[in-house]
Amino acid sequence: MNVRAPHLFVIGVLIGACVSQATSVTVEATPPAPRTFTGTVVFQARTATPTGASRAMQWRPVRLAKVRGVDAAGEEIASTTLDEEGRFVLEGTDRVDHLEVVAHIHEGEWDLAVTTDSAGESDHRVVVPASEAPLEVRIDDGQEAAGAFHILDSILMGSRAVEEWTGQTLPPFFAYWSRGVTTNWSFYLGDRGSGRYSIELLGGEPGQQNTTDTDEHDEMIVLHEFGHFVMDVLSSDSSYGGQHPRGFLILPGLAWEEARATWFATMVLKSPMYLDTIGVEPTGRLRISHDLERGDRNDVRGVGSESGIAEILWDLADGTEALPDQDQDGIALGPAAVLQGMINLGREPGAHPAITTFLQHLVESEGASLDQVKHVLELGGHPNDLLPGGAEWPVDIEVPGKVSDKIDGLSDPAPSGGPPRPVNGQDAIHVYRFQLTEPGRVVATLEIFGSGRAADHTDLDLEIRDIRADLIDSSRGEGPLETLSRHLDAGWYVVHVRDGGNGNRAGYELRLDTR
């Protein structure tokens, strides 16, 4: 009997379990109740004045940004998009704990954001408690998000302008900005490796917005950097970057890219006044105040003049109903035609343009007459070598082939005018373009007529770059000979012969061969 007792116990347990299951009652969770949230979102914006960003601020609607309804655990329950007046209607449930207004526009094919990190993974946002009463979300300038939403609104304007002028929608794009983060310069970062393009904008010194340079309210600067993005994805790129202070004749490709980014900003905002503020009035100032219509005759002029090129581009486009024309330059192409000319030129094989190349293309494509271009140049005090058939840049070289010239980043004034600029001056870097019709090894040899030593100011360097100015290889030694040997695919390339960086002056012979 004792042997069978365990079996009886097991049977009793099983019967008990069955009874328990049969008598259990399932209690269904109460379904979430629908709730509708409505409201308006506005942000504070400053404008440029001669003594810094304005102390007075404007309330502007946050347009097309995303609004999320989020539960207490951070899960999104519902989302919607703000309209042009910053209004929203969010159909959510009573699970919504709070709302988030996110600095991200994902409307149609647009994908625009302003992020707190350089990888573009964390968007700026404002969190507000959920309320059934209509919400009025006012983001004052004391909150970092106000600057983020001003940047977002600026790049939205730029995106709309491109779509209006070209019919094209740009790839995904984000601006990286926070106060106190970037303190040196605003710049274009290009493709971040995932098909998203980016810029990084000045945030000023931490806690010193009133006296240091921060660009969230400088619409011209935001759109200038956005303009680099536009030209990069729709046109060509002749610049390897670098700072470009006024008063210097710089590398013609760099001058072209910077000038047309400035031109783009002025076209979007329909104003010839290109302004960049530092600080807040009355303790601030203007870093840049450039009237593209009136021109700056005190600045340098020529193929390497950033300010001069921007003025030429403005004069080619102005005179339409939306763009003022005070100097009666006799041509009014409008921004769409000028931008389309840039796009068409960028599609040509080996495109690596400067202002001279563009003006020649404009005349040859009958976008403007030679007389109209001459008149614009005469009015602006620009040299005749900008005319078609004038200054050649870049210089074409055969492979095999050779060319001789002289680099001068030392003489003051520089041979082409203005002070010397060893880093990226017009006289300090010479650019040669060549084409390979089939893959092969290219050997570039730079013979320097001198010791090639920095101490003797005859130090020259050699670079091979692709047609969009990205570095492939370089030789930066100190000696009378610099050599590069690379296997390259068929295509177009450029060679830079340049000052070693500390102010050098030397003649040279450049030879290109294949093996």
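So, here is what we can say about the structure in this document. Everything numeric here is computed off the predicted structure, so don't read it as measured data. (Residues numbered from 1 in each chain as written. Predicted model: local features only at pLDDT ≥ 70, side-chain atom pairs only at ≥ 80, totals over all residues. Heavy atoms only, no water.)

## Points about the overall build of the chain
Counting secondary structure elements, the chain contains eight helices and 26 strands. Taking 2.2 N^0.38 as the reference for a compact globule, 515 residues should give roughly 24 Å; the C-alpha atoms of the chain span a radius of gyration of 30 Å, well beyond that estimate. When the backbone C-alpha atoms are referred to their principal axes, the chain occupies close to 110 × 70 × 45 Å. Counting across all 515 residues of the chain, residues that qualify as buried make up 53%. Taking contacts inside the chain between residues at least 6 apart in sequence as the whole, the part at least 24 apart equals 68%. Side chains of the chain give 40 positive and 80 negative charges; the mean places of these two sets differ by 3 Å. (Helix = DSSP H or I, 4+ residues; strand = E, 2+ residues; numbered from the N terminus. Rg over C-alpha atoms; globule rule 2.2 N^0.38 Å. Buried < 20%, exposed > 50% of the residue type's maximum accessible area, 1.4 Å probe, protein only. Contact = heavy atoms within 4.5 Å. Lys, Arg positive; Asp, Glu negative; His and termini not counted. Charge placed at Lys NZ, Arg CZ, Asp CG, Glu CD.)

## Here's the deal with the packing of aromatic side chains
Aromatic ring pairs are described here by two measures, namely the spacing of the ring centres and the angle between the planes. Taken as a whole and judged by the stated rule, the model has eight aromatic pairs. A network of ring pairs unites the aromatic residues Trp 165, Phe 173, Tyr 197, Phe 226, Phe 229 and Phe 264 as a single cluster. One Lys or Arg, Arg 138, reaches over the ring of Trp 59 and ends 4.1 Å from the middle of that ring. Between the NZ or CZ atom of Arg 421 and the centre of the ring of Phe 248, over which it lies, the distance is 5.5 Å. (Phe/Tyr/Trp six-rings, centres within 6.5 Å; stacked < 30°, edge-to-face > 60°. Lys NZ or Arg CZ within 6 Å of the ring centre and 35° of its normal.)

## Examining the sheet that holds strand E20 (residues 429–436)
Strand order in this open sheet of five strands is E18-E20-E25-E22-E23, and the pairing throughout is mixed. In this open sheet, the two edge strands, each paired with only one partner strand, are strand E18 (395–396) and strand E23 (471–475). Sheet topology places E18 next to E20; two bridges connect them, and they run parallel. Its bridge partner being in E20, Val 395 is matched across the sheet by Tyr 432. (Pairing = 2+ DSSP bridges.)

## Notes on the packing of helix H5 (residues 306–317) against helix H7 (residues 355–364)
Look at H5 against H7: their axes get within 11 Å of each other, and the N-to-C directions meet at 20°. Overall, the two elements H5 and H7 adopt an arrangement that is roughly parallel. Note on packing geometry: the crossing formed by H5 with H7 is left-handed. For the pair formed by H5 and H7, the contact residues are Ile 309, Ile 312, Leu 313 and Leu 316 on the first element and Ile 355, Phe 358, Leu 359 and Leu 362 on the second. (Axes fitted to C-alpha atoms, helices over the stretch in contact; angles between N-to-C directions. Parallel < 35°, antiparallel > 145°, perpendicular 65-115°, else oblique. Left-handed = near helix turned anticlockwise from the far one by under 90°.)

## Some remarks on the layout of surface pockets
One simple way to see leftover space: roll a probe sized like a water molecule over the atoms. What the largest pocket holds in volume is close to 560 Å³. For the lining of the largest pocket, the secondary-structure elements that each account for two or more residues are strand E14 (187–191), helix H3 (219–234) and helix H4 (252–269). Sort the elements by how many residues they give to the lining of the largest pocket and H3 lands first, with five residues. Here the residues of the lining of the largest pocket sort into six nonpolar, ten polar and seven charged. (1 Å grid on protein atoms, 1.4 Å probe; cavity = no way out; pocket = protein on both sides within 12 Å on 5 of 7 lines; lining within 4 Å. Points joined across faces, edges and corners; volume = space filled by probe spheres on them. Nonpolar A, V, L, I, M, F, W, Y, C, P; charged D, E, K, R; others polar.)

## Structural notes on the nonpolar core
In terms of nonpolar packing, the biggest core is built from 98 residues, with Phe 149 and Phe 358 touching the most fellow members. Sorting elements by how many residues they give to this core places helix H2 (residues 144–166) first, with eleven residues. Sequence-distant contacts of Phe 149, defined by excluding residues within four places in its chain, comprise Phe 43, Val 62, Ala 65, Val 101, Val 102, Ala 103, Val 126 and Ile 139. One finds Ile 397, Val 497, Ala 506 and Leu 512 within the second-largest nonpolar core, a separate group that totals 21 residues. (Core = buried A, V, L, I, M, F, W, Y, C linked by side-chain atoms within 4.5 Å.)

## Here we look at the sheet that holds strand E19 (residues 401–408)
Here we have four strands laid out as an open sheet, ordered E19-E26-E21-E24, and antiparallel in their pairing. Each having just a single partner strand, E19 and strand E24 (481–488) make up the two edges of the open sheet. Each adjacent strand pair in this sheet contributes to an overall mean axis angle of 20°, direction not counted. Inspection of the sheet shows strand E21 (residues 440–448) paired to strand E26 (residues 505–514) by seven bridges, in the antiparallel sense. Bridge assignment links Glu 447 to a residue of E26, and that residue is Glu 509.

## Comments concerning the side chain of Asp 232
Considering the arrangement of structural elements, one finds Asp 232 in helix H3. Side chain to side chain, Asp 232 and Tyr 188 meet in a polar contact 2.6 Å long. (Polar contact = N/O pair within 3.5 Å; in protein donor to acceptor, adjacent residues only side chain to side chain.)

## Focus on unusual backbone geometry
At the junction of Glu 281 and Pro 282, the peptide bond is cis and its omega measures out at 5° in the coordinates. Cis geometry marks the peptide bond from Asp 412 to Pro 413, where omega comes out at 5°. Summarising the element assignment, Pro 413 is placed in the loop between E19 and E20. Although it is not a glycine, Lys 270 sits at a positive phi angle of roughly 55°. You can see Lys 270 is positioned in the loop between H4 and strand E16 (273–278).

## Observations regarding the environment of Leu 387
Relative to the elements of secondary structure, Leu 387 occurs in the loop between helix H8 (370–380) and E18. In the structure, Leu 387 is positioned 339 residues away from Ala 48 in sequence and 35 Å away in space, judged by C-alpha atoms. Setting aside residues no more than four positions away along its own chain, Leu 387 makes contact with Leu 370, Val 373, Lys 374 and Leu 377.

## Quick look at the pattern of salt bridges
Under the defined criterion, the tally for this structure stands at 32 salt bridges. A salt bridge links Asp 141 to Arg 179; its shortest N-O distance comes to 2.9 Å. With Asp 141 in the loop between strand E12 (135–139) and H2 and Arg 179 in the loop between strand E13 (173–176) and E14, this residue pair connects regions lying 38 residues apart in the sequence. Asp 141 gets classed as buried once you look at its relative accessible area, which sits at 3%. Judged by its relative accessible area of 21%, Arg 179 is partly exposed. Between Glu 463 and Arg 498 there is a salt bridge whose closest N-O contact spans 3.3 Å. Highlighted residues: Glu 463 in strand E22 (residues 460–466) and Arg 498 in strand E25 (residues 491–499), separated in sequence by 35 residues. Classification of Glu 463 as buried rests on a relative accessible area of 1%. Note on Arg 498: relative accessible area 9%, which makes it buried. (Salt bridge = Lys/Arg side-chain N within 4 Å of Asp/Glu carboxyl O.)

In short, the description is geometric, and any link to function would need to be established separately.
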